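Understanding the architecture of this molecule
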Amino acid sequence: QVQLEESGGGLVQSGGSLRLSCVASGAIFSSNAMGWYRQAPGKQRELVAGITSGGSTNYTDSVKGRFTISRDNANSTVYLQMNSLKAEGTAVYYCNAKIKVTFFTKEHDYWGQGTQVTVSS
């Protein structure tokens, strides 16, 4: 059983910073892509940032230059450093990982339970 556990959300003023962490645990053979998504009230879930096991990153345009995604492969952890937060960044942030549990199985998507980020203006 694979589990993703997020931490680091909270309430912050506009212009402030937060750092989200997500630890993957359980029967993990390999994890390629990991990433962060967010879902604001009344909106669809969207990709915020992603990172491969090799360190290649991608960001949605609205967070480029303000957010940084990184990962610690040895500890199956992914981070999201969020700077210069804006009110429109208020959402539930979800960790995602594409994981193989054995050499023979296909890669599957796993999700964390979500962590609330609220940015006050």
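Below you will find a few notes about this structure. (Residues numbered from 1 in each chain as written. Predicted model: local features only at pLDDT ≥ 70, side-chain atom pairs only at ≥ 80, totals over all residues. Heavy atoms only, no water.)

1. Side note on the pattern of salt bridges
On inspection of all chains with the given rule, the structure shows three salt bridges. Across the pair Asp61 and Lys64 runs a salt bridge, and its minimum N-O distance is 2.9 Å. The exposed category is assigned to Asp61, whose relative accessible area is 60%. The salt bridge partner of Asp109 is Lys98, with a shortest N-O separation of 2.7 Å. Of this pair, Asp109 sits in strand β10 (residues 108-111) while Lys98 sits in strand β9 (residues 91-100); the two residues are eleven residues apart in sequence, bridging distant segments of the chain. (Salt bridge = Lys/Arg side-chain N within 4 Å of Asp/Glu carboxyl O. Buried < 20%, exposed > 50% of the residue type's maximum accessible area, 1.4 Å probe, protein only. Helix = DSSP H or I, 4+ residues; strand = E, 2+ residues; numbered from the N terminus.)

2. A closer look at the side chain of Glu6
Its location among the elements puts Glu6 in strand β1 (residues 3-7). Reaching out from Glu6, the side chain makes a polar contact with the backbone nitrogen of Gln113 at a distance of 3.1 Å. Apart from the residues lying within four places of it in its own chain, the contact partners of Glu6 are Ser21, Cys22, Trp36, Tyr93, Tyr94, Cys95, Gly112, Gln113, Gly114 and Thr115. (Polar contact = N/O pair within 3.5 Å; in protein donor to acceptor, adjacent residues only side chain to side chain. Contact = heavy atoms within 4.5 Å.)

3. A short note on the sheet that holds β1
Overall, antiparallel pairing links the four strands, which are arranged β1-β3-β8-β7 in an open sheet. The open sheet terminates on both sides in strands that have one partner only, identified here as β1 and β7 (67-72). Shown here is a sheet whose adjacent strand axes are inclined to one another by a mean of 15°, direction ignored. Note: β1 against strand β3 (residues 18-25), five bridges, orientation antiparallel. Its bridge partner being in β3, Glu6 is matched across the sheet by Cys22. (Pairing = 2+ DSSP bridges. Axes fitted to C-alpha atoms, helices over the stretch in contact; angles between N-to-C directions.)

4. Notes on the pairing of strand β4 (residues 30-39)
In the sheet, β4 pairs with β9 via eight bridges, with the strands oriented antiparallel. For Arg38, the partnering residue across the bridge sits in β9 and is Tyr93. From the end of β4 to the start of strand β5 (residues 46-51), which pair antiparallel, there are six residues, and Gly42 there has a positive phi angle of about 75°.

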